[in-house]
Amino acid sequence: MKKIIISTIAVSALLFTVSCNTDFDTDVEDIVVTKGEADFSNYVALGNSLTSGYRDGTLYSDGQNESYPSMLAMQMKLAGGGAFKQPLMPNNVGGFTNLPGFPGKLVLKMVNGALAPVASPAAAALDNVAAGRPYNNMGVPGAKSFHLVAPNYGSAAGLLTGTANPYFVRFASSATTSVLADAMVQKPTFFSLWIGNNDVLSYATNGGTNSQTTGGVTTYTAATVQNGNTNPATYRSNDISDANVVAGSIKGVLDGLKSVGSTKGIIANIPDVTNIPFFTRVPYNAIPLDAAKAQSLNTQLYGPLKAALTAFGQGDRINPVTAGNNPVLIIDNKLTNLSAQLTAALAANGVPATQAAFIGNAFGRARQAKPGELMLLTSSSLLGLDATTNQAATPSSVFIYGASFPIGDQYSLTTDEVKNISTAVKAYNTSIRAMADSYGLAFVDMNAKMTELNSKSGISWNGVRYTATFVTGGTFSLDGVHLTGRGYAVVANEFIKSINKKYNSTLPQVDPNKYSGVTFP
């Protein structure tokens, strides 16, 4: 029932770990660096935020300089690689002051006596760096697979209609071009492609919902799994893309590059997004109660609710709470709305009409979370607040988010929604692997690497252990989705290993310990 906090013990352990002096895993001083069968003289990277170096909830210059393509380019220079140019942001804060929804980077600050990620104000308006073209890093934060082949994705006018992306507007060669077209003009001798994450990620990070704001009131409805709909123009922003759309878009990129002679490169599959801290930080049973509080809730709320729901044949939605950790109360919009029935039942049992209506409306589609269901990182800022004031709960608070009042559908992923995500990721990855083989490209199994990173043992480099644990694991930034410099170095090494294997090159791996992690105040 608390906001995200980073304990001082965990911070101390992290600082101790990274200061250990241990032997390097692989001695690379005597390796002769060769390009093998590849030509790294003009390397171009295509993708989304993970390619751009996005971290801490935004894109900023230091993060871009620690993007995995930038790391790859540095190693490629040892084997004849050329310059690698990126459309750097004008500052180390990020965001756009003239565009809503684009704040600056997250930083750790003391909030109510504990460290918590807090967004910084954006530092500058949307700029334009198109004059500096061509750019080798063509990663565009927010891009889905079909956006890479879409014309007008860099049109400033399209920002008003949602058909363009401000990050591509910054460096697009024209208002009508596409990301692919601007990459093709460069005729890369080697390319990397990592795309498809956002085709399912936006669904996941929004709890399987789409939102609409009218008159200052935001409502949330279930997002759609677009199976069989191959027209992405009809999709809403958080829908899961049809697998054929993703495969067709990636094929379009590969065919476009092939048409200009770019036939050597590397492609990566996408990780199951539910392996990242944004979905693993907050457990489904994040409500700690002592015996007295549990008894009080059972008497005043859970007992009457369960009795009423049982009468409607829905008694399994709510069970009594106990001392210890208890499931979070969530809204599940797939449930039948029993608001009217609950209101009537409560009023008939002596609950004042206003209070009966309040409870009935709140709990019409409410239930307790189940094992395997996921609470989003964003829920941590809500759990434990007084639901009537949105302030920290006090001893007199009756309705507390998560404990005695449900959190919205946009803050959790139900069993069905988790399954939707897993099904889509498997379908996307099957196609990506098949295309790597048919086009003769190197292939990176980033899904397997992220699963390994999310394991208890994680991975080690030069005596330092890295995991997917939020903040203290070293690899994920403060947004819980994107990586730190060290995390991107782990990714770069997976690309390097696959490139060397496919093209018989000997590019040396990078040392993740030399890159930045989370910055503590």
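All values reported here derive from a predicted model rather than from experimental measurement.

### Re the pattern of salt bridges
Scanning the model with the defined rule gives eleven salt bridges in all. Of the charged contacts in the structure, one is a salt bridge between Asp416 and Lys334, with a shortest N-O distance of 3.7 Å. Of this pair, Asp416 sits in helix 13 (residues 415-438) while Lys334 sits in the loop between strand 11 (329-331) and helix 11 (339-348), and the two are 82 residues apart along the sequence. Owing to a relative accessible area of 60%, Lys334 belongs among the exposed residues under this scheme.

### A look at the environment of Asn349
Assignment of secondary structure puts Asn349 in the loop between helix 11 and helix 12 (353-363). Separated by 45 residues in sequence, Asn349 and Pro304 place their C-alpha atoms 9.1 Å apart. Polar contacts involving the side chain of Asn349 include one to the main-chain carbonyl oxygen of Ala345, which spans 2.7 Å.

### Quick word on the pairing of strand 6 (residues 209-214)
Taken together, the six bridges between strand 6 and strand 7 (residues 217-222) define a ladder with antiparallel strand orientation. Across the sheet, residue Thr213 finds its bridge partner in strand 7, namely Thr218. The turn joining strand 6 and strand 7, which pair antiparallel and follow one another in sequence, is formed by two residues; a positive phi near 60 degrees is taken by Gly215.

### Concerning the packing of aromatic side chains
One pass over the structure, following the stated rule, counts 20 aromatic pairs. Taking 6.4 Å as the distance between ring centres and 55 degrees as the angle between the ring planes, the aromatic pair formed by Tyr43 and Phe190 counts as tilted. Here Tyr43 is found in strand 1 (residues 43-47), whereas its partner Phe190 is found in strand 5 (residues 190-194), with 147 residues between them in sequence. Residue class for Tyr43 comes out buried when judged on its relative accessible area of 3%. Phe190 gets classed as buried once you look at its relative accessible area, which sits at 0%. When the centroid spacing of 5.3 Å and the interplanar angle of 50 degrees are considered together, the rings of Phe96 and Tyr167 count as tilted. Note that Phe96 is positioned in the loop between helix 4 (68-77) and strand 2 (106-111) and Tyr167 in helix 5 (residues 166-171), a separation of 71 residues in sequence. Each member of the pair Phe96 and Tyr167 is classed as buried. Each residue in the set Phe40, Tyr43, Phe84, Phe190 and Tyr503 is aromatic and connected to the rest through ring pairs, giving one cluster. Between the NZ or CZ atom of Lys105 and the centre of the ring of Tyr60, over which it lies, the distance is 4.4 Å.

### Some words on helix 7 (residues 198-205)
With seven of eight residues buried, helix 7 lies mostly within the body of the structure. Every buried residue belonging to helix 7 is among Asn198, Asp199, Val200, Leu201, Ser202, Tyr203 and Ala204, and all of these are buried. Summarising the contacts, the buried residues of helix 7 are in contact with strand 6, helix 8 (243-259), helix 9 (277-280), strand 14 (412-413) and helix 13. Downstream of helix 7 by one or two residues, Gly207 has phi in the positive range, about 65 degrees.

### Things to note about the packing of helix 14 (residues 446-453) against helix 15 (residues 485-503)
When two helices pack together, their arrangement is captured by the angle between the axes and the distance separating the axes. Relative orientation of the contacting elements helix 14 and helix 15 amounts to 140 degrees, with a least axis distance of 11 Å. With respect to their mutual orientation, helix 14 and helix 15 come out oblique. For the pair helix 14 and helix 15, the sense of crossing is right-handed. Residue-level inspection shows Met446, Lys449 and Met450 of helix 14 in contact with helix 15, the latter providing Val490, Val491, Glu494 and Phe495. Residue classes in the contact of helix 14 with helix 15 are distributed as five nonpolar, no polar and two charged.

Rules used throughout
- Residues numbered from 1 in each chain as written.
- Predicted model: local features only at pLDDT ≥ 70, side-chain atom pairs only at ≥ 80, totals over all residues.
- Heavy atoms only, no water.
- Salt bridge = Lys/Arg side-chain N within 4 Å of Asp/Glu carboxyl O.
- Helix = DSSP H or I, 4+ residues; strand = E, 2+ residues; numbered from the N terminus.
- Buried < 20%, exposed > 50% of the residue type's maximum accessible area, 1.4 Å probe, protein only.
- Polar contact = N/O pair within 3.5 Å; in protein donor to acceptor, adjacent residues only side chain to side chain.
- Pairing = 2+ DSSP bridges.
- Phe/Tyr/Trp six-rings, centres within 6.5 Å; stacked < 30°, edge-to-face > 60°.
- Lys NZ or Arg CZ within 6 Å of the ring centre and 35° of its normal.
- Contact = heavy atoms within 4.5 Å.
- Axes fitted to C-alpha atoms, helices over the stretch in contact; angles between N-to-C directions.
- Parallel < 35°, antiparallel > 145°, perpendicular 65-115°, else oblique.
- Left-handed = near helix turned anticlockwise from the far one by under 90°.
- Nonpolar A, V, L, I, M, F, W, Y, C, P; charged D, E, K, R; others polar.

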